[in-house]
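# Descriptive analysis of the structure
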Amino acid sequence: MTATMVEENRASVAPRLAQQVARVALWGATALTVGILVFIIVFVMRRGLGAISWSFLTDAPQRSGAEGGIFPTIVSTLYVTLAAVLVATPLGLGAAIYLAEYTTEGRLSGIIRRGTESLAGIPSIIFGLFGFAFFVTALGMGWSILSGGLTLGIMILPTVIRTSEEALRAVPREYRHVAQSLGASKWDAIRSVVLPVAAPGVVTGIVLGIGRAISETAAVIFTAGVALATPTSPFDSARTMSVHFYTLTMEGISDEQAYGTAAVLVVTILVINVTAYTLMRRFTRSLR
Amino acid sequence: MTVQPGPDRIVATGVSVRYGDRVALQRTDLTVDAGTVHGIIGPAGSGKTSFLRTLNLMSVELDGAQADGSICIGADEILSDERVRRDPASLSQLRRRVGIVFATPQPLPRSIYENVVYGPRIAGISDRTTLDAIVERALRAAHMWDEVSDRLSLMATRLSGGQQQRLCLARTLATNPRVVLLDEPCSGLDPISTARIEETLRTLKSQITFVLVTNSIYQAERVADQTSFFLMGERIETAATVDLFARPTRPETRDYLDGRFG
């Protein structure tokens, strides 16, 4: 009896204070997060926007990038990222389908899942070294868009697998039962009912992967190289925007050009994110 | 237009269903005559849903159940002591022949039209005129055509619960089944939708054999030609519905039926 009264007392006074503390703390955390993001973007833009012009986007670099534009690095970035997505999407989605639909939770799926998660924790420079040793040297692909794309593809694989698997698991079991009760095989049900419903989640995983791949430096510098020419085949070496930025700053070539490159990179990432989520929202609405 | 294949007779002999160690149904015999509505009543846990879901092997394929005994649908033995047919092709064929409607409405997140043509499309029908005809026929049979014929592209999830369930019935009918299993199809439905679904069973039973698991003994009384009473994993008795309700021979049945007055 006494215990309950004490409980009730505490319940009537403490929560109000706790509420307020929690509200301030949570609001503060949110504001700080957004603030840091805004600060970084503003910082990069203020230093970079001055360098950006139409010719900066469309011209080839002069004098190792000290003058001229960054056109080849924009093209290289898009190619390498595209190659990474082309590698990671089928592999990642396939693995996710296997994990979510075809295995019961057991030792094998545990090993696969832990392996995937460990893969996510490996520093990108290690992927770079692996890509250099395996794709560039052992398989003889040289510094190329192909080597870079394959390396980045493996690097973003965990993100794609994880997000896709969660999206697949979120699809109600009933949908599969309905499909199979109407004569669909298990694969028919996955292909025609489960995947369309899970698509927005899968796209999220791919977009997160793109975000990681497009801004990656360490893994790319070892595998795609630093050539400044516009690549014309998957076997050409290519310098991505982030590698270009790194080179310009580290070798003291041009800070202005470096921040210009950074600004273009940031805008590219923002555009990709916004476009992907807009498309996704439209797609989801058409499903509802 | 496809010709209705005609209803099948169902003969179940010594059918047992287990989920791991738990026995849901014990050595049950039951014959359902072709072209009738067969009601199955009984309290929760009586094994009626397990029996129903074994008639198209969904319990075995999807719920992790083990089934023994023999089930013949028409001339086809779908379950026998020696083997359960589990290859995908014959399972697909079985599901088209023995359709099912679930207890809660389960529309797929797509349009009314796409819901109805799901089964036919999976079966390989892609001709637009044929599909249009199937949709109209199935929705008419489920007494829904007049309500939705002008908005077939509407998301099925936007329909009311009763409409969704009739859509699910139409979707099942669209694969031209010879048998349709209904698992408490009207639990939680409005009276009008319930009446329409019952009307569909009465109209179509000359072409389709219906097995109706129901929690409502009134519903069994209204539509079932024969009714079986299940209790604790066993079939207690089966009789023509009027006889079962007027003169139950087993005391368990009498007690259960008396429950409606008490």
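Thresholds, definitions, all that
- Sequence order sets the numbering: in each chain, residues are counted from 1 along the sequence as written.
- As they are written, the chains are lettered A onward and the ligands numbered 1 onward, keeping that order.
- Owing to the predicted nature of the model, reporting of local features is limited to residues with pLDDT of at least 70; listing and counting of side-chain atom pairs is limited to 80 or more, with chain, interface and lining totals taken over all residues.
- Under the DSSP-based scheme used, a helix requires at least four consecutive residues in state H or I and a strand at least two consecutive residues in state E, with every element numbered from the N terminus.
- In this description the radius of gyration comes from C-alpha coordinates, and the expected globular size is given by 2.2 Å times residues to the power 0.38.
- Counting other C-beta atoms within 10 Å of a residue's own tells you its class, since 20 or more makes it buried, 12 or fewer makes it exposed, and anything in between is partly exposed; those C-beta atoms are placed from the backbone.
- Any pair of residues counts as being in contact when their C-beta atoms, constructed from backbone geometry, are within 7 Å of one another.
- Every residue carries a pLDDT, the predictor's confidence in it, which falls somewhere between 0 and 100.
- To get an axis, fit a line to the C-alpha atoms, keeping to the stretch in contact for a helix; angles then go from 0 to 180 degrees between the N-to-C directions.
- Here the angle decides the label: under 35 degrees means roughly parallel, over 145 means roughly antiparallel, 65 to 115 means roughly perpendicular, and every other value means oblique.
- By definition, turning the near helix anticlockwise from the far helix through less than a right angle yields a left-handed crossing, and turning it clockwise yields a right-handed one.
- When residues are sorted by character, Ala, Val, Leu, Ile, Met, Phe, Trp, Tyr, Cys and Pro go into the nonpolar class, Asp, Glu, Lys and Arg into the charged class, and all the rest, Gly among them, into the polar class.
- Strand pairing is defined by DSSP finding a minimum of two bridges between the two strands.
- Note on handedness: a crossover is taken as right-handed if, strands pointing away from the viewer, the path from the first strand over the helix to the second is clockwise.

When helices and strands are counted, chain A shows eleven helices and two strands. In sequence order, the secondary structure elements of chain A are arranged as α-α-β-β-α-α-α-α-α-α-α-α-α. Its C-alpha radius of gyration of 24 Å places chain A more than 25% over the 19 Å reference for a compact globule of 288 residues. Across its three principal directions, the C-alpha atoms of chain A cover 85 × 55 × 40 Å. Counting every position in chain A, which comprises 288 residues, the buried fraction comes to 39%. Considering only residue pairs separated by 6 or more positions, chain A has 74% of its internal contacts joining residues 24 or more positions apart.

Another point: the overall build of chain B. What chain B contains, in helices and strands, is twelve helices and ten strands. For chain B, the C-alpha radius of gyration of 18 Å lies close to 18 Å, the compact-globule estimate for 262 residues. Along the first, second and third principal axes, the C-alpha set of chain B runs to 55 × 45 × 30 Å.

Detailed reading of the predicted coordinates is not advisable wherever pLDDT falls low. When pLDDT is averaged along chain A, the result is 87; 93% of the residues meet or exceed 70. The lowest-confidence element of chain A is strand β2 (residues 67-68) of chain A, averaging 80 in pLDDT; the highest-confidence one is helix α7 (residues 173-181) of chain A, averaging 94.

All names here are of chain A. Relative to each other, helix α5 (residues 124-138) and helix α6 (residues 145-169) sit at 135°, their axes nearing to 9 Å. In terms of orientation, α5 and α6 fall into the oblique class. The two elements α5 and α6 cross, and the hand of that crossing is right-handed. Residue-level contacts link S124, F127, G128, G131, F135 and V136 of α5 to S147, L150, T151, I154 and M155 of α6.

The backbone of R63 of chain A shows a phi angle near 45°, a positive value even though the residue is not glycine. Topologically, R63 of chain A is positioned in the loop between β1 (61-62) and β2. Even without being glycine, M232 of chain B reaches a positive phi, approximately 45°. Along the polypeptide, M232 of chain B turns up in the loop between β9 (226-231) and β10 (234-240). Residue classification places M232 of chain B among the partly exposed residues on the basis of 15 C-beta atoms within 10 Å.

A word on the interface of chain A and chain B. Between chain A and chain B, the contact holds 15 residues from the first and 18 residues from the second. Of all the elements in the fold, those that place two or more residues in the side of chain A that touches chain B are α7 and α8 (186-214) of chain A. In terms of residue count, α7 of chain A provides more of the side of chain A that touches chain B than any other element does, six residues in total. Per-class residue counts for the side of chain A that touches chain B are seven nonpolar, five polar and three charged.

All names here are of chain A. The N-to-C vectors of α7 and α8 enclose an angle of 140°; their axes lie 9 Å apart at closest approach. Considering the angle they form, α7 stands oblique to α8. Helix-helix and strand crossings are classified by hand; for α7 and α8 the assignment is right-handed. Residue-level inspection shows Y175, R176, A179 and Q180 of α7 in contact with α8, the latter providing K186, D188, A189, S192, V193, V194 and V197.

This part covers the sheet that holds strand β4 (residues 66-73) of chain B. Residues and elements named next belong to chain B. Spatial ordering of the open sheet is given by β2-β1-β4-β5, a layout of four strands whose pairing is antiparallel. Looking at the sheet topology across the chains shown, the edges are occupied by β2 (22-32) and β5 (76-79). Ignoring which end each strand starts from, the neighbouring axes of this sheet average 10° apart. Alignment of strand β1 (residues 10-19) against β4, held across seven bridges, turns out to be antiparallel.

In this section: the sheet that holds β10 of chain B. All names here are of chain B. Pairing is mixed across the open sheet formed by six strands, whose spatial order is β6-β7-β8-β3-β9-β10. Of all strands in the sheet, those with a lone pairing partner are β6 (98-101) and β10, marking the two edges. For this sheet, the mean inter-axis angle between neighbouring strands, taken without regard to orientation, is 20°. In terms of strand pairing, β9 meets β10 through six bridges, oriented antiparallel. Bridge assignment links Q226 to a residue of β10, and that residue is A240.

On to the environment of I208 of chain B, then. Residue and element names in this part refer to chain B. With respect to the helices, strands and loops of the structure, I208 is situated in the loop between α9 (191-204) and β8 (209-213). Residue I208 is classed as buried on the basis of its 27 C-beta neighbours within 10 Å. Excluding anything up to four places from it in sequence, I208 contacts P7, P177, R178, V179 and V180.

Before going further, it helps to spend a moment on the pairing of β2 of chain B. A regular strand carries its side chains on alternate faces of the sheet. Residue and element names in this part refer to chain B. Where β1 lies against β2, seven bridges are found, and the strand directions are antiparallel. Note that in β2 the partner of V15 across the bridge is T28. Here β1 folds back onto β2 in antiparallel fashion, the turn holding two residues, of which G20 has a positive phi close to 60°.

This part is about the environment of V178 of chain A. Within the element layout of this structure, V178 of chain A appears in helix α7. Once the C-alpha coordinates of V178 of chain A and A189 of chain A are considered, the two residues, eleven residues apart in sequence, prove to be 8.7 Å apart. Once you skip the residues sitting within four places of it in the chain, V178 of chain A turns out to touch Q106 and L108 of chain B.

Before going further, it helps to examine the pairing of β8 of chain B. All names here are of chain B. Most of β8 is tucked away: five of the five residues are buried. Because side chains alternate across β8, one face comprises the buried residues T209, V211 and V213, and the other comprises F210 and L212, equally buried. For strand β3 (residues 37-41) and β8, the ladder comprises four bridges, and the chain directions are parallel. Pairing of H38 across the sheet is with V211, part of β8. Pairing between strand β7 (residues 179-183) and β8: five bridges, direction parallel. Pairing of V179 across the sheet is with T209, part of β8. In terms of handedness, the path from β7 via α9 over to β8 forms a crossover that is right-handed.

This part covers the environment of H177 of chain A. All names here are of chain A. With respect to the element layout, H177 can be found in helix α7. For H177, a count of 19 C-beta atoms within 10 Å translates into the label partly exposed. For the pair H177 and I156, spaced 21 residues apart in sequence, the C-alpha to C-alpha distance is 33 Å.

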